[in-house]
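Tertiary structure, described
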Amino acid sequence: MKKLVVITGASSGIGMETAKRFSENGHPTLLISRRKEIMESLNLKDSISVKADVTNLEEVRAAIKMAEDKYGKTDLLINCAGVMLLGNIDKQSYEEWKKMIDVNINGILTTTNIILPDMVKRNEGTIINISSIAGRKTFKNHGVYCGSKFAVHAISESIREEVADKNVRVIVLAPGVVETNLLEHTTNETIKANYVEWKKSIGNGLNASDIVNCIEFAYNMPQDICVRELVIAKTKQID
Ligand code: NDP
């Protein structure tokens, strides 16, 4: 059997497509999100679906233990779980800011905290963090989202420098707009409508499968080659 792949945010969008592809490729998978029934309905072979909040260290620890007891140590961790709550900075609630910081930053730290030490000990393993172009440049109405994704870039790159000599790869993927449910959680209807209009003007977003192609490409390079960062967007997306 191939090695275990752990995917957060597997109930939707990029995480779900990633789960399907790695399962098709013969990997056992651990799927984590809060909507277990959706993940289970994928009916993937050699797969465990666990309802867990990525910000809850103990829930995530229990999920990973269950999968590793069954399938062996994690070879690939893909942190897809994330939220994007766009808003006017002077009107948006503190709760929305906090949620983005919690899920987008703490949500990659829980899994990393549990999985990375073993990878370092074994001298192998790969972590792929899904950041965003909003983690490389700022956009209006994206203030805290950009902050959370800049943090993903900074934390990932710093970890990469620290574990590179242990043969562990840390990869950041920075997509432009992708056709998923990500925008649905934004509560400001005007911003949402403008975003949809802008998306149409660039011929809509990438498909989740385009992102999975990048994940596969980076993972399938030999372990001694690290694709440090991949940036991908529709050709017509200028910013
Ligand atoms: P979706 O909204 O389709 O999926 C988000 C996933 O995150 C869901 O599976 C959701 O599961 C999970 N999630 C959210 N909060 C939590 C939580 N507290 N605990 C566990 N899981 C959680 O969005 P995408 O697939 O587009 O997003 C995936 C990643 O890609 C995100 O990090 C996003 O920032 C990034 N990205 C997306 C872009 C886009 O345009 N779509 C562009 C650039 C980056 P559930 O609700 O069941 O818990």
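Residues numbered from 1 in each chain as written. Predicted model: local features only at pLDDT ≥ 70, side-chain atom pairs only at ≥ 80, totals over all residues. Heavy atoms only, no water.

So, the site of the ligand
To be explicit about the condition: Note on terminology: near, applied to a residue and a molecule or strand, indicates that one of the residue's heavy atoms is within 4 Å of it. A 3.5 Å cut-off defines polar contacts: any pair of N or O atoms within that distance qualifies, except that in protein one atom must be a possible hydrogen donor and the other a possible acceptor, and neighbouring residues in sequence count only when both atoms are side-chain atoms. Note that accessible areas follow from Shrake-Rupley with a 1.4 Å probe, and for residues the cover is restricted to the protein chains shown. Three residue categories are used. Nonpolar comprises Ala, Val, Leu, Ile, Met, Phe, Trp, Tyr, Cys and Pro, charged comprises Asp, Glu, Lys and Arg, and polar comprises the others, including Gly.
Residues in contact with the ligand amount to 28 residues; listed here are only the nearest, Ser12, Arg34, Arg35, Tyr145 and Thr180. Between Arg34 and the ligand, the recorded distance is 2.7 Å, taken from a side-chain N or O atom to an oxygen atom. In the complex, the protein chains occlude 96% of the 880 Å² of accessible area that the ligand would expose alone. Grouping the constituent residues of the shell around the ligand by class yields 13 nonpolar, eleven polar and four charged.

Quick word on the pairing of strand β1 (residues 4-8)
The line we're drawing: Only protein chains enter the calculation, and the probe is 1.4 Å; a residue is then buried if its accessible area is under 20% of its type maximum, exposed if over 50%, and partly exposed in between. A helix here means a DSSP run of H or I that spans at least four residues, while a strand means a run of E at least two residues long, and both kinds are numbered starting from the N terminus. Being paired, for any two strands, means DSSP has found at least two bridges between them.
Among the five residues in β1, five count as buried, and that is most of the element. Side chains of β1 alternate between two faces, with Leu4, Val6 and Thr8 and Val5 and Ile7 buried alike. Pairing geometry for β1 and strand β4 (residues 74-79), over five bridges, is parallel. Following the sheet pairing, Leu4 is matched in β4 by Thr74. In the sheet, β1 pairs with strand β2 (residues 29-33) via four bridges, with the strands oriented parallel. Paired with Val5 across the strands is Thr29, a residue of β2.

A word on the packing of helix α1 (residues 13-24) against helix α7 (residues 208-220)
When two helices pack together, their arrangement is given by the angle between the helix axes and the distance between those axes. For the record, the criterion: Each axis is a line fitted through C-alpha atoms, and for a helix only the stretch in contact is used; angles between axes span 0 to 180 degrees, taken between their N-to-C directions. Each angle gets one of four labels, with under 35 degrees taken as roughly parallel, over 145 as roughly antiparallel, 65 to 115 as roughly perpendicular, and the rest as oblique. Each helix crossing is assigned a hand: it is left-handed if the near helix lies turned anticlockwise from the far helix by less than a right angle, otherwise right-handed if that turn is clockwise. Contacts are assigned to residue pairs with any non-hydrogen atoms lying within 4.5 Å of each other.
At a minimum axis separation of 9 Å, α1 and α7 run at an interaxial angle of 55°. Taken together, the axes of α1 and α7 are oblique relative to one another. You can see that α1 and α7 cross each other, and the crossing is right-handed. Contacts from Gly13, Ile14, Glu17, Thr18, Arg21 and Phe22 of α1 reach α7 at Ala208, Ser209, Ile211, Val212, Asn213, Ile215, Glu216 and Tyr219. Here the contact of α1 with α7 is built from residues that sort into seven nonpolar, four polar and three charged.

Thoughts on the environment of Ile89
Tracing the sequence through the fold places Ile89 in the loop between β4 and α4 (94-122). Here the alpha-carbon distance between Ile89 and Lys234, two residues 145 residues apart in the chain, equals 27 Å. Those residues in contact with Ile89 that lie beyond four places of it in its chain are Trp97, Gly143 and Val144.

Remarks on the packing of aromatic side chains
Note the threshold: Aromatic pairing here means that ring centres of Phe, Tyr or Trp (its six-membered ring) are within 6.5 Å. Orientation follows from the plane angle: under 30 degrees is stacked, over 60 is edge-to-face, and everything else is tilted.
Overall, the coordinates contain two aromatic pairs when judged by the stated rule. Geometrically, the ring pair formed by Phe22 and Tyr219 is edge-to-face, given 5.8 Å between the ring centres and 65° between the ring planes. Note that Phe22 is positioned in helix α1 and Tyr219 in helix α7, a separation of 197 residues in sequence. The exposure class of Phe22 is buried, given its relative accessible area of 1%. Taken together, a centroid distance of 5.4 Å and an interplanar angle of 65° make the contact between Tyr195 and Trp198 edge-to-face. With Tyr195 and Trp198 both in helix α6 (residues 189-201) and three residues apart, this pair spans about one turn of that helix.

Quick word on the sheet that holds strand β3 (residues 47-51)
Across the sheet, which stays open at both edges, the seven strands sit in the order β3-β2-β1-β4-β5-β6-β7 with parallel pairing between neighbours. The sheet is open, and its two edges are formed by β3 and β7 (229-232), each paired on a single side. The average undirected angle you get between the axes of adjacent strands in this sheet is 15°. Running over the sheet, α1 touches β1, β2 and β4 and is turned about 165° from β1.

Things to note about the environment of Ser33
Take Ser33: it is sitting in strand β2. A residue is classified by how much of its surface remains accessible, and Ser33, at 8% relative accessible area, is buried. A sequence separation of 117 residues divides Ser33 from Phe150, and the C-alpha atoms of the two residues are 23 Å apart. Here Ser33 is in contact with Gly9, Ala10, Ser11, Met39, Val50, Lys51 and Ala52, once residues within four sequence places are set aside. A distance of 3.1 Å separates a polar side-chain atom of Ser33 from the backbone nitrogen of Arg35.

As for unusual backbone geometry
Positive phi, normally seen in glycine, also occurs at Asn43, with a value near 55°. Note that Asn43 resides in the loop between α2 (36-41) and β3. Phi angles above zero are rare outside glycine, and Asn204 is one such case at about 65°. Position of Asn204 relative to the elements: it lies in the loop between α6 and α7.

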